[in-house]
Amino acid sequence: MNLNSLMAIFSDFDLAAFLPELNTLLGWVETLLRLAVMAGPLLLLLFGLIYLLKPPAEANYALGYRFWWSMASLDAWRFTHRLAGYVWSGLGLLLTVIMALICNGFRRMDPMTMVWAAAKCLGWELALTLIACLAIDITVVAVFDRSGFRRNENG
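Treat the numbers as computed from the prediction; the structure is a model and nothing was measured.

Within the element layout of this structure, Val-37 appears in helix H3 (residues 25–53). Measuring from C-alpha to C-alpha, the distance between Val-37 and Cys-121 comes to 6.5 Å, with 84 residues separating the pair along the chain. Those residues in contact with Val-37 that lie beyond four places of it in its chain are Met-99, Cys-103, Phe-106, Ala-118, Cys-121, Leu-122 and Glu-125.

Next up on the list: the pattern of salt bridges. In total, this model carries two salt bridges according to the counting rule given. For Arg-34, the salt bridge is made with Glu-30, and the minimal N-O distance between the two is 2.6 Å. Here Glu-30 and Arg-34 lie together in helix H3, a separation of four residues that amounts to about one turn. Taking relative accessible area as the criterion, Glu-30 reaches 4% and is therefore assigned buried.

So, about the packing of aromatic side chains. Overall, the coordinates contain six aromatic pairs when judged by the stated rule. Taking 6.5 Å as the distance between ring centres and 45 degrees as the angle between the ring planes, the aromatic pair formed by Phe-47 and Tyr-51 counts as tilted. Of this pair, Phe-47 and Tyr-51 both sit in helix H3, four residues apart, which is roughly one turn of the helix. Note on Trp-68 and Trp-69: the rings are 5.9 Å apart at their centroids and 80 degrees apart in plane angle, and the pair reads as edge-to-face. What makes Trp-69 buried here is its relative accessible area of 15%. Among the aromatic side chains, those forming a connected cluster through ring pairs are Phe-47, Tyr-51, Tyr-65 and Trp-88. The positively charged end of Arg-146 is found above the aromatic ring belonging to Trp-68, 4.6 Å away from the centroid.

The rules behind the values
- Residues numbered from 1 in each chain as written.
- Predicted model: local features only at pLDDT ≥ 70, side-chain atom pairs only at ≥ 80, totals over all residues.
- Heavy atoms only, no water.
- Helix = DSSP H or I, 4+ residues; strand = E, 2+ residues; numbered from the N terminus.
- Contact = heavy atoms within 4.5 Å.
- Salt bridge = Lys/Arg side-chain N within 4 Å of Asp/Glu carboxyl O.
- Buried < 20%, exposed > 50% of the residue type's maximum accessible area, 1.4 Å probe, protein only.
- Phe/Tyr/Trp six-rings, centres within 6.5 Å; stacked < 30°, edge-to-face > 60°.
- Lys NZ or Arg CZ within 6 Å of the ring centre and 35° of its normal.

This is the structure:
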């Protein structure tokens with residue numbers, strides 16, 4: 001991918017169009033839809049960075065990525081949070097960029113098309129987040145046994 005293809009992707013991106021007009025009802029609807037669409041990826045990015053930079057120190061039932069295998073030992077807990085941090089922050093960053101580009105086009109849509117586009121975005125965000133969590137859980141199960149010990153490479 002070269003610079004010209006990147007510039008072509010972002011040529012339609014207008015920062016002024018990203019800010020809705022709040023003097024009309026449609027402007028308020030547009031704002032609420034943008035907030036709904038952008039909240040998920042930003043929270044995913046935030047929690048991913050928290051898990052990378054300052055994860056919970058030990059297994060607990062209040063904070064952190066709680067999964068039976070990850071709570072079995074401190075090694076599994078740290079591994080799970082490091083993995084979840086990488087996966088969630090990467091997915092959050094990717095979804096933030098994609099959803100910002102989609103939200104930029106909301107102004108050119110009629111109201112019902114805008115609502116359905118936002119609903120599709122929320123569905124994709126939910127599906128990709130569930131897939132990411134499932135991948136994290138499967139990876140932890142593959143690396144650790146139920147007691148929290150790393151599995152032997154020999155089987």
